[in-house]
Amino acid sequence: MKNKIIVALDVDSAEEAALWAHRLKDKVGMFKIGKQLFTAAGPDIVRRVRSEGGEVFLDLKYHDIPNTVAAAAVEAVRLGASMFNVHASGGFEMMSKTAEAVRDEAERLDIKKPVLIAVTVLTSMNEEGLRETGVTVPLTEHVINLAKLAKKAGLDGVVASPHEIEAIKNACGSEFVVVTPGVRPTFASKDDQRRIMTPAEAVKKGADYLVIGRPITKADDPIEAVSLITEEICQE
Ligand code: C5P
């Protein structure tokens, strides 16, 4: 089984991030570098995690005019990200131009093309919040519409809540990658996550990757926590 676990490196220093990569690189699939760590440590942190032997999901959620996002995406390919994301609400042209630029740059460098995924609707949004931005269709319908648009634009998949996995796979096909945060192993606290699912449930529903932070990084024994999560997934 390919390793589905992506550890969220929600830390503020390169040293701490590199330490996590060093400890867990053989046990998880990828490390997620988001806006906090990237802003604190700069692009070098991607090279550093990679030099420790870890793969990187660069979670910067690009959203800008097509030319700007495509250019940033080319830099993400050059940095060596294995996966990164854009906001689907940036539109078809932004996504398709980016997908094309990513394919071209990976080919030029003769490296494996990174997995390019879209953020549909942030899970911090609810229906009322969407309406305030002028979106009047129901939230789930909007999520599915954006996932379909991402697929049409040539993206590989989406980030989604575990509760949206089945609807997305039904609409976009089983090959369309779904990366899901908001999972909590049976042994862990929920922290501030609300509509959670266990890793095993999410995988059963079709999740390709699980983004997990605190249940691993705040565990008394993080390596044991990863083993327990892997066992939970494998029992499915
Ligand atoms: O610590 P925890 O497992 O809750 O971390 C989950 C990670 O996934 C965090 O980096 C968080 O920002 C991210 N995330 C999330 N929910 C979303 C999108 C991203 O928890 N809907």
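One can find the structure itself at the top, above this paragraph.
Residues numbered from 1 in each chain as written. Predicted model: local features only at pLDDT ≥ 70, side-chain atom pairs only at ≥ 80, totals over all residues. Heavy atoms only, no water.

Engineer: How would you sum up the site of the ligand? Please name residues and give values.
Structural biologist: Surrounding the ligand, one finds Ala 8, Asp 10, Lys 32, Thr 123, Pro 181, Arg 184, Gln 193, Val 211, Ile 212, Gly 213, Arg 214 and Pro 215. Here Gly 213 contributes a backbone N or O atom positioned 2.7 Å from an oxygen atom of the ligand. Arg 214 has a polar backbone atom sitting 2.7 Å from an oxygen atom of the ligand. Isolated, the ligand exposes 460 Å² of accessible area, and the fraction of that covered by the protein chains is 77%. Breaking the shell around the ligand down by element, the ones donating at least two residues are strand S8 (209–212) and helix H10 (214–217). (Near = heavy atom within 4 Å. Polar contact = N/O pair within 3.5 Å; in protein donor to acceptor, adjacent residues only side chain to side chain. Areas by Shrake-Rupley, 256 points an atom, 1.4 Å probe, with all protein chains shown as cover. Helix = DSSP H or I, 4+ residues; strand = E, 2+ residues; numbered from the N terminus.)

Engineer: If you had to explain the packing of aromatic side chains to someone new, which residues and values would you point to?
Structural biologist: All chains considered together, the criterion is met by one aromatic pair. Between Lys 152 and the ring centre of Phe 92, over which it is positioned, the NZ or CZ distance is 5.5 Å. (Phe/Tyr/Trp six-rings, centres within 6.5 Å; stacked < 30°, edge-to-face > 60°. Lys NZ or Arg CZ within 6 Å of the ring centre and 35° of its normal.)

Engineer: Could you give an account of a negative patch on the surface, naming the residues involved and the relevant values?
Structural biologist: A contiguous patch of negative charge, built from Glu 100, Asp 104, Glu 107 and Asp 110, is present on the exposed surface. With respect to the helices and strands, the residue Asp 104 is situated in helix H5 (residues 92–109). (Patch = residues over 30% accessible without salt bridge, like charges linked within 9 Å, V, L, I, M, F, W, Y side chains within 5 Å. Salt bridge = Lys/Arg side-chain N within 4 Å of Asp/Glu carboxyl O. Lys, Arg positive; Asp, Glu negative; His and termini not counted. Charge placed at Lys NZ, Arg CZ, Asp CG, Glu CD.)

Engineer: Got a sec to walk through the pattern of salt bridges? Specific residues and values, please.
Structural biologist: Under the criterion given, the structure shown has 13 salt bridges. Across the pair Lys 32 and Asp 59 runs a salt bridge whose closest N-O atoms are separated by 2.8 Å. With Lys 32 in strand S2 (residues 30–34) and Asp 59 in strand S3 (residues 56–62), the pair connects residues that are 27 residues apart, well separated along the chain. Just as Lys 32 is buried, Asp 59 falls in that class too. Measuring nitrogen to oxygen at the nearest pair gives 2.8 Å for the salt bridge that ties Glu 105 to Arg 108. In this pair, Glu 105 and Arg 108 both sit in helix H5, three residues apart, roughly one turn of the helix. With relative accessibility at 6%, the residue Glu 105 sits in the buried group. (Buried < 20%, exposed > 50% of the residue type's maximum accessible area, 1.4 Å probe, protein only.)

Engineer: Go over the side chain of Lys 169, please, and point to the residues and values.
Structural biologist: Mapped onto the fold, Lys 169 is located in helix H8 (residues 165–172). Overall, the relative accessible area of 13% leaves Lys 169 in the buried class. At 3.0 Å, the side chain of Lys 169 forms a polar contact with the backbone oxygen of Phe 176. Reaching out from Lys 169, the side chain makes a polar contact with the side chain of Asp 208 at a distance of 2.7 Å. Other than its neighbours up to four places away in sequence, Lys 169 contacts Ser 174, Phe 176, Val 177, Val 178, Gly 206 and Asp 208. (Contact = heavy atoms within 4.5 Å.)

Engineer: Give me the lowdown on the packing of helix H1 (residues 14–24) against helix H3 (residues 44–51), citing residues and values where you can.
Structural biologist: The interhelical angle for the contact between H1 and H3, taken along N-to-C directions, is 25°, at an axis separation of 9 Å. Overall, the two elements H1 and H3 adopt an arrangement that is roughly parallel. Both H1 and H3 take part in a crossing whose hand is right-handed. Contacts between H1 and H3 involve Ala 14, Glu 15, Ala 17, Ala 18 and Ala 21 from the former and Ile 45, Arg 48 and Val 49 from the latter. Taken together, the residues that form the contact of H1 with H3 break down as six nonpolar, no polar and two charged. (Axes fitted to C-alpha atoms, helices over the stretch in contact; angles between N-to-C directions. Parallel < 35°, antiparallel > 145°, perpendicular 65-115°, else oblique. Left-handed = near helix turned anticlockwise from the far one by under 90°. Nonpolar A, V, L, I, M, F, W, Y, C, P; charged D, E, K, R; others polar.)

Engineer: Outline the environment of Asp 110, listing residues and values.
Structural biologist: Looking at the secondary structure, you find Asp 110 in the loop between H5 and strand S5 (115–119). Overall, the relative accessible area of 69% leaves Asp 110 in the exposed class.

Engineer: Run through unusual backbone geometry, naming residues and quoting values.
Structural biologist: At Asp 110, a residue that is not glycine, the phi angle is positive and equals roughly 55°. Phi at Asp 191 takes a positive value of approximately 50°, unusual for a residue other than glycine. You can see Asp 191 is positioned in the loop between strand S7 (177–180) and helix H9 (199–204).

Engineer: An account of the packing of helix H4 (residues 66–79) against H5 is needed here, citing residue identities and associated values.
Structural biologist: Packing of H4 against H5 brings their axes to within 8 Å, and their N-to-C directions diverge by 30°. Between H4 and H5, the angle is such that the two are roughly parallel. In this structure, H4 meets H5 at a crossing whose hand is right-handed. Between H4, through Pro 66, Asn 67, Val 69, Ala 70, Ala 73, Val 74, Val 77 and Arg 78, and H5, the contact on the second element is made entirely by Glu 93, Met 94, Lys 97, Thr 98, Ala 101, Val 102, Glu 105, Ala 106, Arg 108 and Leu 109. Taken together, the residues that form the contact of H4 with H5 break down as eleven nonpolar, two polar and five charged.

No statement about biological role is implied by the geometric values presented.
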